[in-house]
Amino acid sequence: MAIIEKLHVHRFRNLSNQYLEPSKNINLLLGENAQGKTNFIEALYYLGHNRSFKTKRTKDVIPFDSDLLQVGAIIDNVRVLLKKTNSKSEITIDQQKAQNNSQLSQLLPTQIISPDRGFVVGGAPKLKRSYLDWGVFHIKPDLLITYKSYNKTLKNINLLLVKNNTKELEYWLSKLAHLSLDISKARLEYMEALNNIIDKTNKNDNIDFFRQIGDLSMNFQSGWARGVDPLNYDSVFEYLTTNTQSFVRLKHLGCGPHKANIEYLLNNKTEGHLSRGEQKNLSLVYWMVQVLLLVEKNIKPIVLIDDISSELDQHKINQTLQFLSALDVQIFITDIGNTDLSFSQEKVKTFRIQNGIISQ
């Protein structure tokens, strides 16, 4: 179970030397626009991923008058420190150098709900793949090696295609076919687990979060052409070898797990036929389903919700907070402060932020 016991945002955007001891339940950060609320959420996300959900450039999050960012925390009695410059990244866990970012992600699993990140329903395929793979990673962390190997193999294949070097392609295509099976299988199993959670929750009279939502379903698009069985090596490899010349002309491999997608449906309507409000609500449902699944697996993530009242109506806000409170996970919420947020006061710590200064 991930709990941030102490947090020190030393340098991050407009946040400088801010120290907090959060509640293990709900933490509410109130402030007007442009005071640093989203920066705070971004700093927490950065601590768990060593990257931002808003920008790829490190220099964007380093304070204007500094040459590095620094965020530290005590998480489940483990001391974590992240320092980063434009050219160097240093992560220590209990004063030992971390070998990779996955150590951070395992220590601090973070589910974020933010307009800046986008909504998974109606979102880009990359965001949908990220949604699936985040859950797959936390349930099957060993599969990270498979993902890394797949990406390396894909890079080698694309390099050979650019150089029109077909002599070595068969070996790499065979390897990619094997790796793609493991990834597709893990994604399908994870989707099945999500659907089982939805079915079970709909039958639970004590949980009203999903009531009146409607009939939910997901279609997995494996990234392969129609007729290719993503779980059959011979089917995948035959397609790759048969279409090699086409890949050579394109100079890249435009199919496979790196092109996978999800189509969300509500009452048999595809997401393209849903209103923006329906897409938001359905995205929220699937984020919450993911949290619930991880909690059942005894992996309690930290939930970050940025600017909650800007995207959700009062009823949906109350439903979301009640649902999360019952799961007993640590939650960080930012808001402008003009909405009645309904939750048990003994579970909440309220902070205010003004010009990057946070006070309880």
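Here is a short report on the structure shown in this document. (Residues numbered from 1 in each chain as written. Predicted model: local features only at pLDDT ≥ 70, side-chain atom pairs only at ≥ 80, totals over all residues. Heavy atoms only, no water.)

## Thoughts on the nonpolar core
Part 1 of the argument: Judged by nonpolar contacts, the single largest core of 76 residues is most densely connected at Leu240, Leu253, Tyr264, Tyr286 and Leu324.
Part 2 of the argument: Here this core gets 14 residues from one element, more than from any other, and that element is helix α5 (residues 169–202).
Part 3 of the argument: Setting aside anything within four residues of it in sequence, one finds Leu240 in contact with Leu173, Leu176, Ala177, Trp224, Phe247 and Leu253.
Part 4 of the argument: Among the nonpolar cores identified, the runner-up in size contains 38 residues, and Phe40, Ile41, Phe53 and Ile62 belong to it. (Core = buried A, V, L, I, M, F, W, Y, C linked by side-chain atoms within 4.5 Å. Buried < 20%, exposed > 50% of the residue type's maximum accessible area, 1.4 Å probe, protein only. Helix = DSSP H or I, 4+ residues; strand = E, 2+ residues; numbered from the N terminus. Contact = heavy atoms within 4.5 Å.)

## Re the packing of helix α3 (residues 125–139) against helix α8 (residues 276–296)
Part 1 of the argument: Where α3 contacts α8, the two axes come as close as 11 Å, and the packing angle between them is 5°. Of the possible angle classes, the one that applies to α3 and α8 is roughly parallel. For the pair α3 and α8, the contacting residues are Tyr131, Trp134, Gly135, His138 and Ile139 in the first and Tyr286, Trp287, Gln290, Leu293 and Leu294 in the second.
Part 2 of the argument: When the residues that make up the contact of α3 with α8 are grouped by side-chain class, the tally is seven nonpolar, three polar and no charged. (Axes fitted to C-alpha atoms, helices over the stretch in contact; angles between N-to-C directions. Parallel < 35°, antiparallel > 145°, perpendicular 65-115°, else oblique. Nonpolar A, V, L, I, M, F, W, Y, C, P; charged D, E, K, R; others polar.)

## Focus: the pairing of strand β5 (residues 78–84)
Part 1 of the argument: Here β5 shows one buried face, formed by Val78, Val80, Leu82 and Lys84, and one open face, formed by Arg79, Leu81 and Lys83.
Part 2 of the argument: Sheet analysis places strand β4 (residues 69–75) next to β5, joined by seven bridges and oriented antiparallel. In the sheet register, Gln70 faces β5, and the bridge partner there is Lys83.
Part 3 of the argument: Here β4 hands over to β5 after two residues, with Asp76 in that stretch at a positive phi of 50°.
Part 4 of the argument: What sits between β5 and strand β6 (residues 89–93) in their antiparallel hairpin is a turn of four residues. (Pairing = 2+ DSSP bridges.)

## Examining the side chain of Glu271
Part 1 of the argument: Residue position: Glu271 is located in the loop between β11 (269–270) and α8.
Part 2 of the argument: Residue Glu271 is classed as buried on the basis of its relative accessible area, which comes to 8%.
Part 3 of the argument: Here the side chain of Glu271 touches Gly122 through a polar contact of 2.5 Å, landing on its backbone nitrogen. (Polar contact = N/O pair within 3.5 Å; in protein donor to acceptor, adjacent residues only side chain to side chain.)

## Some thoughts on unusual backbone geometry
Part 1 of the argument: Its identity as a non-glycine residue notwithstanding, Arg13 has a phi of 50°, on the positive side.
Part 2 of the argument: Along the chain, the position of Arg13 falls in the loop between β1 (4–12) and β2 (15–20).
Part 3 of the argument: Overall, Arg13 belongs to the partly exposed group, its relative accessible area being 23%.
Part 4 of the argument: Its identity as a non-glycine residue notwithstanding, Asn355 has a phi of 50°, on the positive side.

## Side note on the sheet that holds β2
Part 1 of the argument: An order of β2-β1-β4-β5-β6-β7 is seen for the six strands of this open sheet, with the pairing classed as antiparallel. Each edge of the open sheet is held by one strand with a lone partner, namely β2 and β7 (96–97).
Part 2 of the argument: Sheet analysis places β5 next to β6, joined by five bridges and oriented antiparallel. Across the sheet, the residue bridging to Lys84 is Ser89, located in β6.
Part 3 of the argument: Sitting on the sheet, helix α1 (residues 37–49) is in contact with β1, β2, β4 and β5, with an inclination near 110° to β1.

## Some points on the sheet that holds strand β8 (residues 110–113)
Part 1 of the argument: One open sheet holds the six strands; their spatial order is β8-β12-β13-β3-β14-β15, and the pairing between them is mixed. At either end of the open sheet lies a strand with only one pairing partner, and these are β8 and β15 (357–359). Adjacent strand axes in the sheet meet at a mean angle of 20° when their direction is disregarded.
Part 2 of the argument: Bridge count between β8 and strand β12 (residues 302–305): four bridges; the pairing is parallel. Paired with Ile112 across the bridge in β12 is Leu304.

## Notes on the pairing of strand β9 (residues 216–221)
Remember that side chains alternate between the two faces of the sheet whenever the strand is regular.
Part 1 of the argument: Burial along β9 is one-sided: the face carrying Leu216, Met218 and Phe220 is buried and the face carrying Ser217, Asn219 and Gln221 is not.
Part 2 of the argument: Strand direction decides the pairing type here: β9 and strand β10 (residues 261–266), joined by six bridges, are antiparallel. Within the sheet, the bridge partner assigned to Gln221 lies in β10 and is Asn261.

## What to know about the pattern of salt bridges
Part 1 of the argument: Considering all chains together, one arrives at seven salt bridges under this definition.
Part 2 of the argument: We note a salt bridge from Lys200 to Glu296, for which the minimum N-O separation is 3.0 Å. With Lys200 in helix α5 and Glu296 in helix α8, the pair connects residues that are 96 residues apart, well separated along the chain.
Part 3 of the argument: Exposure remark for Glu296: the relative accessible area of 45% places this residue in the partly exposed category.
Part 4 of the argument: The salt bridge partner of Lys300 is Asp328, with a shortest N-O separation of 3.7 Å. Taken together, the residues span a long stretch of sequence, with Lys300 in the loop between α8 and β12 and Asp328 in the loop between α10 (314–327) and β13 (331–335) at a distance of 28 residues.
Part 5 of the argument: Classification of Lys300 by relative accessible area gives buried; the value is 15%. (Salt bridge = Lys/Arg side-chain N within 4 Å of Asp/Glu carboxyl O.)

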